Amino acid sequence: MNHVKGKFYGIIDIQFASSMLYFQNNGIVQRLIHQLKYKGKQEIGTYLAENYALDLKDIDNKYKFDLIIPVPLHPKKIKKRGYNQVETFCLTLSKALQISYNSEILFRKNNSKTQTRKNKNERFENTESFFDVIFDETFHGKHFLLVDDVITTGATIESCVKALLKIPNAKVSVITIAYTQS
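This one's a predicted model, so the numbers in the text were calculated from it and none came from an experiment.

Participant: Just to check I follow, could you spell out the packing of helix α3 (residues 43-63) against helix α5 (residues 87-97) for this structure?
Facilitator: To characterise two packed helices, one gives the angle between the axes of the helices and the distance between these axes. Packing of α3 against α5 brings their axes to within 8 Å, and their N-to-C directions diverge by 45 degrees. Relative to α5, the element α3 is oriented oblique. Crossing handedness for the pair α3 and α5: right-handed. Where α3 abuts α5, its residues Gly45, Thr46, Leu48, Ala49, Glu50, Tyr52, Ala53, Leu56, Lys57 and Asp60 lie against Thr88, Phe89, Thr92, Leu93, Ala96 and Leu97. Taken together, the residues that form the contact of α3 with α5 break down as 9 nonpolar, 4 polar and 3 charged.

Participant: Hey, could you run me through the pattern of salt bridges in this one?
Facilitator: Any two side chains of opposite charge can pair if their charged atoms end up close together. Within the structure shown, the criterion is met by 3 salt bridges. Among the ionic pairs, Asp149 bridges to Lys37, the shortest N-O distance being 3.4 Å. Of this pair, Asp149 sits in strand β6 (residues 143-151) while Lys37 sits in helix α2 (residues 28-38); the two residues are 112 residues apart in sequence, bridging distant segments of the chain. The partner of Glu158 in a salt bridge is Lys162, with the nearest N and O atoms 3.2 Å apart. With Glu158 and Lys162 both in helix α7 (residues 155-164), this residue pair falls 4 residues apart, about one helical turn. Taking relative accessible area as the criterion, Glu158 reaches 7% and is therefore assigned buried.

Participant: Before we go on, may I ask you to explain the environment of Val133 in this structure?
Facilitator: Here Val133 shows up in strand β5 (residues 131-133). With relative accessibility at 11%, the residue Val133 sits in the buried group. In the structure, Val133 is positioned 29 residues away from Glu104 in sequence and 8.3 Å away in space, judged by C-alpha atoms. Not counting residues up to four positions away in its chain, the partners in contact with Val133 are Ile105, Leu106, Phe107, Ala163, Leu164, Lys166 and Ile167.

Participant: How should I be thinking about the packing of aromatic side chains in this particular structure?
Facilitator: Two descriptors summarise a pair of aromatic rings, namely the distance from one centre to the other and the angle between the planes of the rings. This model, assessed by the stated rule, comprises 4 aromatic pairs. Judged by centre distance (6.4 Å) and plane angle (35 degrees), the ring pair of Tyr52 and Phe89 falls under tilted. Here Tyr52, found in helix α3, pairs with Phe89, found in helix α5; they are 37 residues apart in sequence, far enough to count as distant. With respect to burial, Tyr52 and Phe89 carry one shared label: buried.

Participant: What am I meant to see in α5 here?
Facilitator: Since the α-helix packs 3.6 residues into each turn, any two residues three or four apart lie on the same face. Thr88, Phe89, Cys90, Thr92, Leu93, Ser94 and Leu97 are the residues of α5 that are buried. Where α5 is buried, its residues contact α3, β2 (67-70), β3 (100-101), β6 and β7 (171-179). Just downstream of α5 lies Gln98, where phi reads positive at about 55 degrees.

Participant: When you look at the nonpolar core in this model, what are you seeing that I'm missing?
Facilitator: Taken as a class, soluble globular proteins show a tendency for nonpolar side chains to be buried jointly. Ile105, Leu106, Phe144, Leu146 and Leu164 are the most contacted members of the largest nonpolar core, which has 27 residues in total. Of all the elements in the fold, those that place two or more residues in this core are β2, β5, β6, α7 and β7. Ranked by residue count, the leading element in this core is α7, at 5 residues. Among residues more than four places away in sequence, those in contact with Phe144 are Leu67, Ile69, Ile105, Phe139, Leu164, Ile167, Ala170, Lys171, Val172 and Ser173. Counting residues in hydrophobic clusters, the runner-up holds 26 residues, among them Leu36, Ile44, Ala49 and Ile175.

Conventions used here
- Residues numbered from 1 in each chain as written.
- Predicted model: local features only at pLDDT ≥ 70, side-chain atom pairs only at ≥ 80, totals over all residues.
- Heavy atoms only, no water.
- Axes fitted to C-alpha atoms, helices over the stretch in contact; angles between N-to-C directions.
- Helix = DSSP H or I, 4+ residues; strand = E, 2+ residues; numbered from the N terminus.
- Parallel < 35°, antiparallel > 145°, perpendicular 65-115°, else oblique.
- Left-handed = near helix turned anticlockwise from the far one by under 90°.
- Contact = heavy atoms within 4.5 Å.
- Nonpolar A, V, L, I, M, F, W, Y, C, P; charged D, E, K, R; others polar.
- Salt bridge = Lys/Arg side-chain N within 4 Å of Asp/Glu carboxyl O.
- Buried < 20%, exposed > 50% of the residue type's maximum accessible area, 1.4 Å probe, protein only.
- Phe/Tyr/Trp six-rings, centres within 6.5 Å; stacked < 30°, edge-to-face > 60°.
- Core = buried A, V, L, I, M, F, W, Y, C linked by side-chain atoms within 4.5 Å.

Below you can see the structure in the form of structure tokens.
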């Protein structure tokens, strides 16, 4: 079992999970994510997605993803930052893999401060009821590919997956740009 999927084993039902890179403090991946997330360098998301798409084509052939869904930011955070750091990554994957992109189904109900300094329990408590879905019957039975930048404890992903699984007969897979040990 891969490390990313193993993080959720017995907690949430996901079909597939993977990360492109391994995140270490003070490493190049941390610098790339920081540039993407806080410095507006969205071309990093494009570049990474173009490369990751090559690996994901075979995965998509096996799992048949219907929609790419980004982990959403609260509108206040988008207004402050100006963008969702995974949107360009998602849009590039969408184009390369010919999978529809939808940033409207899953939404963040509450605004929170950064979770980078919180432990798993604090993160889970902070995210447990933060996400919800808006959907109609056209989304029933779909396989969603949920995308985030970095997975640490998995609390955000877990909360997003639980929200997406409210959709009847939905399946969820997860990919992230990077993975780190929590």
